[in-house]
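# Understanding the architecture of this molecule
Letter by letter, the chains look like this.
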Amino acid sequence: MAEEKKLFKVKIDNISVEVEPGTTILNAARQIGGDIVPPAMCYYSKLKGSGGKCRTCLVKVTKGSEADPRPMPKLVASCRTTVMDGMEVANITSPEVQEARKGVVEFLLLNHPLDCPVCDQAGECHLQDLGYEHGADGTRYEFKRRTFEKIDIGDKIQLHMTRCILCYRCVFTADQLTEKREHGILGRGEAAEISTYIHKALDNEFIGNVIDVCPVGALTDKTFRFKNRVWFLKPVDAHRNCENPKCCGKTVLWMRGDEVFRVTARKDKYGEVEDWICNTCRFDKKEAKDWVIEGPRAVERHSVISQGHYVGVTKPKDTLTEVLDGRKPKLLMDIHNVSEVNRPGIDLSAIQGPAHSDDFNKK
Amino acid sequence: MQALTNRAKPVDRRPMTFMEKIYLPAIAKGMGITLKHIFQKKETVRYPEQKRPFSPVFRGLHVLNRDAEGRENCTACGLCAVACPAEAITMEAAERKPGEENLYREEKYAARYEINMLRCIFCGFCEEACPKDAIYLTETFAPAHYKREGFIYGKKDLLVPMPGEKK
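This structure is a prediction, so every number in the text was calculated from the model and none was measured.

### Remarks on the sheet that holds strand 2 (residues 89-95) of chain B
Residues and elements named next belong to chain B. Strands sit in the order 2-3-5 across an open sheet of 3 strands; the sheet is antiparallel. A single partner strand is all that each edge strand has here, and the edge strands are strand 2 and strand 5 (152-153). Where strand 2 meets strand 3 (residues 108-116), 7 bridges bridge the pair, whose relative direction is antiparallel. Following the sheet pairing, Ala 94 is matched in strand 3 by Tyr 109.

Below, the structure written as structure tokens:
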């Protein structure tokens with residue numbers, strides 16, 4: 001008979017949960033779910049070795065364990081600290097943790113350019129959410145922020161080093177998904193930057209996943225660059241039979257009308273992908289006929305992405321044609337005759353990179 | 001039936017007296033009221049020669065602002081369009097090319113920007129949402145048109161003219 005595994009009893013914010021030995025506090029909190037889950041900018045459950053960099057998941061351990069009930073002297077990173085039997089953890093119930101998290105957010109935003117109006121990640125950015133939920137209203141930083149030139153990593157991925165918070169997720173992704181990693185961190189401390197060796201292009205079948213794991217807008221999809229804002233697009237679940245055996249082919253299409261503007265992997269509520277997708281699915285299949293569309297993606301109600309998506313609307317029957325004996329109502333103006341926006345001749349989703357002035361001015 | 005208010009008056013159905021039948025006193029009374037108003041303060045103004053002052057919070061036609069160097073402030077972030085309750089604002093963004101730095105302030109700009117004045121309710125939410133001080137509501141009306149086509153305002157209608165340039 002298999003011997004029964006002893007489960008550790010942990011109390012997080014006065015909610016008890018039994019988890020296996022070796023589980024981190026963060027994962028124990030995720031098993032409970034809800035508001036008590038500490039936010040994480042660098043930890044990614046699908047990436048081995050990730051975590052411990054950003055310090056947003058700091059929690060207070062008020063009781064070390066059943067055997068040694070002393071509290072831990074300092075706040076600990078919950079993504080790297082494993083649970084002990086009888087451990088008691090305070091996250092949202094501890095003002096000390098909230099205060100520390102506010103400081104961490106301020107530090108993360110020290111060098112962040114705050115160019116959200118320009119950034120393609122705005123609306124689905126974890127740093128934006130973190131700043132709104134835990135950050136202060138203003139910054140006390142008065143010095144020049146570090147700046148970098150934006151770099152093209154390959155022809156499909158753009159790196160904005162100014163926005164990077166050095167979470168190392170993309171490095172782990174490249175390490176674990178591809179055989180040969182070609183980018184890493186150069187320099188140390190404030191001078192550290194994600195870079196390829198002498199701007200070498202990244203050309204691996206799965207390198208596009210670094211876009212999905214990036215919690216900020218540092219790595220963005222160049223085929224989607226400046227095309228549209230995420231909250232004007234409609235996410236739908238879709239799949240296709242990908243020829244690549246390692247690719248699951250299950251994606252989210254970001255559509256507007258029949259145009260597919262962007263393809264991403266499916267992300268769960270912690271912003272982590274459910275399964276990796278290959279570059280062909282992500283960058284090359286930008287037509288609705290390439291995909292089998294399953295249905296609209298459930299978007300959190302509080303997300304800006306869900307705005308303007310009128311779900312569950314029942315339209316009343318239009319009785320006008322009946323009243324007019326089958327005559328159609330007279331159309332006084334077709335907006336496309338006047339409007340310059342969404343002109344049928346210019347298909348933004350079909351342009352390779354971002355649109356430029358000459359794309360619009362051509363007849 | 002019970003009356004909803006106590007202001008209802010029963011109709012007087014008695015036959016008119018002689019004085020009421022000749023109508024002249026009633027006409028004189030009415031003319032007296034008219035004559036009184038001739039000498040009272042006028043409530044109307046002679047528009048368009050004379051205009052009433054706007055309230056300081058009046059919200060009128062939109063403009064797209066430029067910065068001190070004449071570059072367009074708008075970066076097509078879409079916050080005005082997402083804030084717009086009437087969904088009157090649409091836009092298409094483009095990337096600034098090298099050499100266009102004197103035209104646009106940020107690396108991204110609105111290549112197309114349209115406000116449908118037929119839909120706009122002049123609530124001013126776009127002005128409040130704008131993070132770049134780009135859109136403002138001015139103290140003018142949208143001028144009248146005979147056709148609906150004239151109410152689709154593009155960038156050339158909305159942008160404030162360059163300093164020194166005649167509109």
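### Notes on the UniProt feature "binding site: [4Fe-4S] cluster 1" (unreviewed entry) in chain B
UniProt records the feature "binding site: [4Fe-4S] cluster 1" (unreviewed entry) for B:Cys74, B:Cys77, B:Cys80 and B:Cys130 in the present numbering. The annotated residues occupy 57 residues of the chain but converge on a single region, no pair of C-alpha atoms lying more than 10.4 Å apart. Along the chain, B:Cys77 turns up in the loop between strand 1 (62-64) and helix 3 (79-83). The class of B:Cys77 is buried, set by 25 C-beta atoms lying within 10 Å. If we skip the residues at most four places from it in the chain, B:Cys77 touches A:Pro117 and B:Pro131. Inspection of the secondary structure puts B:Cys130 in the loop between helix 4 (125-129) and strand 4 (135-137). Taking the number of C-beta atoms within 10 Å as the measure of exposure, B:Cys130 has 21 and is therefore buried. Residues in contact with B:Cys130, not counting those within four places in the same chain, are B:Leu79, B:Cys80 and B:Ile135.

### Some remarks on the nonpolar core
Counting 55 residues, the largest nonpolar core has A:Val59 and A:Val210 as its most contacted members. When residues of this core are assigned to their parent elements, the largest contribution, 5 residues, is made by helix 4 (residues 169-177) of chain A. Viewed by domain, this core spans two of them, domain 1 (8-108) and domain 2 (126-138 + 145-221) of chain A, each represented by three or more residues. Contacts of A:Val210, omitting those with residues within four sequence positions, involve A:Ile157, A:Cys170, A:Thr173, A:Ala174 and A:Leu219. Judged by nonpolar contacts, the second largest core, of 30 residues, contains A:Leu348, B:Ala88, B:Ile89 and B:Tyr109.

### So, the sheet that holds strand 3 (residues 58-63) of chain A
Residue and element names in this part refer to chain A. Strand order in the open sheet formed by 5 strands is 2-1-5-3-4, with mixed pairing between adjacent strands. Lying at the two open borders of the sheet, with one neighbouring strand each, are strand 2 (15-19) and strand 4 (76-77). As defined by bridge partners, strand 1 (residues 8-12) adjoins strand 2 across 5 bridges and the pair is classed as antiparallel. Across the sheet, the residue bridging to Lys 11 is Ser 16, located in strand 2. Across the sheet, helix 1 (residues 25-32) is in contact with strand 1, strand 2, strand 3 and strand 5 (88-90); its angle to strand 2 comes to roughly 115 degrees. Contacts from helix 2 (residues 95-108) reach strand 3 and strand 5 within the one sheet, and its direction differs from that of strand 3 by about 160 degrees.

### Examining unusual backbone geometry
A cis amide bond links B:Tyr47 to the next residue, B:Pro48, at an omega of 0 degrees. Along the polypeptide, B:Pro48 turns up in the loop between helix 2 (24-38) and strand 1. The phi dihedral of A:Leu166 falls on the positive side, at around 55 degrees, and the residue is not glycine. The residue B:Tyr23 is not glycine, and still its phi comes out positive at about 65 degrees. As for its placement among the helices and strands, B:Tyr23 is situated in the loop between helix 1 (18-21) and helix 2.

### Notes on the UniProt feature "binding site: [4Fe-4S] cluster 2" (unreviewed entry) in chain B
All names here are of chain B. Using the residue numbers shown here, the UniProt feature "binding site: [4Fe-4S] cluster 2" (unreviewed entry) corresponds to Cys 84, Cys 120, Cys 123 and Cys 126. A stretch of 43 residues holds the annotated residues, and the largest C-alpha distance among them is 10.5 Å, short enough that they meet in one place. One can find Cys 120 in the loop between strand 3 and helix 4. Residues within four places of Cys 120 in sequence aside, it is in contact with Ala 86, Ala 88 and Ile 115. Looking at the element boundaries, Cys 123 is found in the loop between strand 3 and helix 4.

Rules used throughout
Along each chain, the written sequence defines residue order, and numbers are assigned to residues from 1. Chain letters start at A and ligand numbers start at 1, both assigned in the order the entries are written. The model is predicted, so local features are restricted to residues of pLDDT at least 70 and side-chain atom pairs to those at 80 or more, both for listing and for counting; the totals for chains, interfaces and linings are taken over all residues. Strands qualify as paired when DSSP identifies two bridges or more between them. Runs of E in the DSSP output that reach at least two residues are strands. Runs of H or I that reach at least four are helices, and both are numbered from the N terminus. UniProt positions are given in the numbering used here, feature names are shortened, and annotations may be inferred rather than shown by experiment. Exposure criterion: with C-beta atoms placed from backbone coordinates, a residue whose C-beta has 20 or more other C-beta atoms within 10 Å is buried, one with 12 or fewer is exposed, and one in between is partly exposed. By definition, residues are in contact whenever their C-beta atoms, placed on the basis of the backbone, come within 7 Å of each other. Among buried residues, those of type Ala, Val, Leu, Ile, Met, Phe, Trp, Tyr and Cys that are joined through C-beta atoms within 7 Å form a set called a nonpolar core. Marked domain ranges trace back to an automatic or database domain assignment. Between the N-to-C directions of two axes lies an angle of 0 to 180 degrees, each axis being a line fitted to C-alpha atoms and, for a helix, fitted only over the stretch in contact.

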